[in-house]
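Structure at a glance
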Amino acid sequence: MKTMRQSTLQTLGLGDVLDMFRAGRLPADAGALVDRVFGEPAQRGALVISGCNGIVGAGKMMQLGSRLDPFDVPVVGLDFPGAPDGIAKQYPGLVRAFGKESADRMMARMVRLTYDGKRLPESLAAFRPRFLLEAIPEILEIKRAHYDLFRNAYPGIEIRSVTSGFPSSQLGVGIAHPAFPHEVNKVFEMVEPQPSDVTRLFWAIGLIPVPVSDDWSFVLDVLFCGITLAALRYHRDTNMPVWKIDKYVRKHVGPNPVRAHDAIGTAGASFLTWSCLHHLAEHYGPLFEPTPELVGRKDSGLSWYPPDHFRPVVDWPLDADGEADLQTRIVGPLVQMTALMLHENRAHLTHLNAMGELCAQFRRGILAVLRELGPEKSIRIVERYHRSHPEAAQTAWHADALARMEEPAWRQLYVNAEHDGKVGVITIARERYNRDVDAELNRAIDWLKQDGIDRVIVTSDFHLSTQMVGADTGEFFPALDDVDEGFRVSESWSRTARRLHGEFAVSVGFVAGKRCLGGFLELLSHCHYLVSVDDAQLGLPEVTLPVVPGMEGCHWPFRKCPSGEWGRLLHLALTGKSVHARDAVGWLVDFAGPLDQALACAWETVAGGGNGLQRRPFAEGPLADVTSRLPNLPPTGSSAAEVARSAILATIRDACGAPLADALAIQAKHSAEFMASAVCRRGAVGQERDRTQV
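These numbers were taken from a predicted model, which means no experiment stands behind them.

Digging into the packing of helix α9 (residues 220–238) against helix α12 (residues 266–284)
At their nearest, the axes of α9 and α12 sit 10 Å apart, and the two run at 100° to each other. Here α9 is positioned roughly perpendicular relative to α12, judged by the angle of their axes. Here Asp221, Val222, Cys225, Thr228 and Leu229 of α9 lie close against α12, whose contacting residues are Thr273, Cys276, Leu277 and Leu280. Grouping the constituent residues of the contact of α9 with α12 by class yields 6 nonpolar, 2 polar and 1 charged.

Right, dumping it as structure tokens:
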């Protein structure tokens, strides 16, 4: 086995993705892991969540309870008698996700008990506690006493803390720190000496465990609390309203860090941010020192944002120089904090990069941003930042940690490749296709070709990208004003996709998650075969945005589809409605089935053992009368979507009616011209650009 970099699955003790295809099954079985963590069915023990009425505890009651429900694991919530009922607030979300009948059944299995903090309720013993997830307040002495209480009553119980900042070495237990929002975000930062059955169980039931080192505040809160602190420090230095600072932070980085505190709950969120920064400052220095404003909000609980009607009265525009200074003051501390985490090897680089995107709403991962800047420019930004905040220079500044950007792990933050000398697998660890993914995918193809690999599977990474939802629409913002930029994006991404068709003897696109949409479906459709789990949703939602598909979705699938089924593809492209993979076999998908069968089918096809799929014919010449197969279409309900539907239909007609050699440029031209139109600028992409960038 040879890999471009270590796969993130290896950090969980789950091997390589190529091994998964060869074995025809996942490397961890949820049922077997439930038995190991909670005991055999006849003696099944309980998951106990202490602090169950808080935001975190209640969210995890729903998230873990729903996933463990099929395995008859009792879930017990524990809290003080007078604690506000946070669990009831989660019930509507459970109904939306599973339906009322299933939600009621799950709630019936969730038991709530109260205690005084000193003695566990006697009735708890009947549930045979096996695993405690602790979500009580961030006070170290109280946490330690809580663990002693459980260990004395239930020796050998597994314990994990959801703490935002205390290291495992301080707590004396392992850590499973969940990302916000707690009921839906599936990411957990895991701190433990070696990957445990608990971590592998989390992965097997569809969560995203991310191993991190045992350092203060881990990765997520260094990034999120760090960007909050940068915003508050700029507020203190300039007196600019925090809502206006949030607007500029959103423009340059992605999140609204101060607004997020109000959304979570100002008192609790401000305390947690203060706690993380306070301990980081004690351990590392003034770079992390909380501002007096944060200390005040921690004590008062007052909201950061004023009532909405005050905001237009106190606008505070910046000229170009002022905006550049603000950007330095926001990005500078993030670079210094990231260099510290790199120096400490806090996480696999792909994990460290992904935490900002998946959990803190960074538009691009912090390492991807630094890689684009390069080490010299990154260092200069920190040096300029130190001029505005000289105290930060007293905190260790590990500029040397940025000098390794040419190493494979830095160059392949999102895309990895593996091979066994004959068959390769390319995995993509980002749910939205962007310029970083495109560049890394080309490097992965080059690497496989250099090693003589001409058979490949292209898929998600079975870890960070649980779905593939299409292109990152932020990549289209420049194209709204520049036709040439739109043509460049469409043309270059399409040429990358064509490499999967033209440069391998056999290529298999594999859909493992719950959906594959837009640009990612167009990408995988360029493979000679498309294999999917049967319940995955496949679709081309561009008409709803509206944009014109830019990675050859308006002609490539038609060239592989029997002419009698063209109406189905037209319906897919012109309505934006998804189709289950099992219903698309023969005209969009080559095989759909349960995961184990799909894995085996993909392997048999790519390995060339004679038991694989037969390749559908591919038409390189013009296709006649494609649009004459137009089915009856439901009304879009939107004048913009109607215009987009007409533009997509024209693109299908022109691109399908041309030979393959000309079709790419024809589709790119149509896509670019529509992106620069007033209809697109008024649509979802234009609105997002105006909301975040203007």
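Side note on the domain arrangement of the chain
As far as domains go, the chain holds domain 1 (39–211), domain 2 (220–408) and domain 3 (414–692). Of note, the centres of domain 1 and domain 3, computed from C-alpha atoms alone, are 40 Å apart. When the buried surface of domain 1 facing domain 3 is broken down by residue, Lys186, Trp203 and Ile208 rank first, second and third, together holding 79% of it. Scanning the region where domain 1 abuts domain 3 turns up 2 residue pairs in polar contact (both at pLDDT 80 or more). In terms of residues, the side of domain 1 that touches domain 3 owes the most to one element, strand β9 (residues 208–211), which gives 3 residues.

A short note on the nonpolar core
Grouped together as the largest cluster of nonpolar side chains are 162 residues, with contacts concentrated most on Phe288, Ile426, Leu523 and Leu538. Discounting chain neighbours no more than four positions away, the residues touching Leu538 are Val511, Cys516, Leu517, Leu521, Leu572, Ser578, Val579, Ala581, Leu588 and Val589.

Concerning the packing of aromatic side chains
With the rule as written, the count across this model stands at 14 aromatic pairs. Here Phe21 and Phe462 contribute two aromatic rings whose centre-to-centre distance is 6.0 Å and whose plane-to-plane angle is 85°, an arrangement assigned as edge-to-face. Of the two residues, Phe21 sits in helix α1 (residues 17–23) while Phe462 sits in the loop between β13 (455–460) and β14 (470–471), which places them 441 residues apart along the sequence. You can call Phe21 buried: its relative accessible area is 1%.

Re the side chain of Glu323
Checked against the element boundaries, Glu323 lands in helix α14 (residues 320–343). Excluding residues within four positions of it along the chain, Glu323 makes contact with Tyr248, Lys251, His252 and Leu318.

Regarding the sheet that holds strand β8 (residues 187–191)
One open sheet holds the 8 strands; their spatial order is β4-β3-β2-β5-β6-β7-β8-β9, and the pairing between them is mixed. Unpaired on one side and paired on the other, β4 (110–114) and β9 mark the two borders of the sheet. Neighbour-to-neighbour, the strand axes of this sheet turn through a mean angle of 25°, independent of strand direction. Note that strand β3 (residues 75–79) and β4 share 5 bridges and pair parallel. Each bridged residue has a counterpart across the sheet, and for Gly77 the counterpart in β4 is Arg112. Contacts from helix α2 (residues 30–38) reach β2 (46–50) and β5 (129–134), with the element oriented near 90° to β5.

Considering empty space enclosed by the protein
All chains considered together, the criterion is met by 7 cavities of 30 Å³ or more. Here the largest cavity defines a volume of roughly 60 Å³. Looking at the largest cavity, the residues that line it are Arg5, Ser7, Thr8, Leu9, Val17, Asn416, Thr427, Ala429 and Asp461. The residue makeup of the lining of the largest cavity, split by class, is 3 nonpolar, 4 polar and 2 charged. By volume, the second largest cavity is sized at about 50 Å³. The wall of the second largest cavity is formed by Ala230, Arg233, Tyr234, Asp237, Arg329, Tyr385, Ser388 and His389. For the lining of the second largest cavity, the secondary-structure elements that each account for two or more residues are α9 and α17 (375–388). For the lining of the second largest cavity, the element with the most residues is α9, which contributes 4 residues. When the residues that make up the lining of the second largest cavity are grouped by side-chain class, the tally is 3 nonpolar, 2 polar and 3 charged.

Details of the environment of His261
With respect to the helices, strands and loops of the structure, His261 is situated in helix α11 (residues 257–264). His261 gets classed as buried once you look at its relative accessible area, which sits at 2%. Considering only alpha carbons, one finds His261 and Ala204, 57 residues apart in sequence, at a separation of 32 Å. Those residues in contact with His261, other than ones at most four positions away along the chain, are Phe224, Thr228, Thr266, Ala269, Ser270, Thr273 and Trp304.

Here's the deal with the sheet that holds strand β19 (residues 579–580)
Taking strand neighbours across the sheet as the criterion, the 3 strands line up as β16-β18-β19 in an open arrangement whose pairing is mixed. Two strands lie at the open edges of the sheet, namely β16 (515–517) and β19, each paired on one side alone. Bridge analysis of β16 against strand β18 (residues 537–539) gives 3 bridges, and the strand direction is parallel. Bridging across to β18, Leu517 finds its partner in Gly539. Along the sheet, helix α21 (residues 518–525) contacts β16 and β18; its crossing angle with β16, the most-contacted strand, is approximately 90°.

What counts as what
- Residues numbered from 1 in each chain as written.
- Predicted model: local features only at pLDDT ≥ 70, side-chain atom pairs only at ≥ 80, totals over all residues.
- Heavy atoms only, no water.
- Axes fitted to C-alpha atoms, helices over the stretch in contact; angles between N-to-C directions.
- Helix = DSSP H or I, 4+ residues; strand = E, 2+ residues; numbered from the N terminus.
- Parallel < 35°, antiparallel > 145°, perpendicular 65-115°, else oblique.
- Contact = heavy atoms within 4.5 Å.
- Nonpolar A, V, L, I, M, F, W, Y, C, P; charged D, E, K, R; others polar.
- Domains from an automatic or database assignment.
- Buried area = accessible area lost by both parts, 1.4 Å probe.
- Polar contact = N/O pair within 3.5 Å; in protein donor to acceptor, adjacent residues only side chain to side chain.
- Core = buried A, V, L, I, M, F, W, Y, C linked by side-chain atoms within 4.5 Å.
- Buried < 20%, exposed > 50% of the residue type's maximum accessible area, 1.4 Å probe, protein only.
- Phe/Tyr/Trp six-rings, centres within 6.5 Å; stacked < 30°, edge-to-face > 60°.
- Pairing = 2+ DSSP bridges.
- 1 Å grid on protein atoms, 1.4 Å probe; cavity = no way out; pocket = protein on both sides within 12 Å on 5 of 7 lines; lining within 4 Å.
- Points joined across faces, edges and corners; volume = space filled by probe spheres on them.

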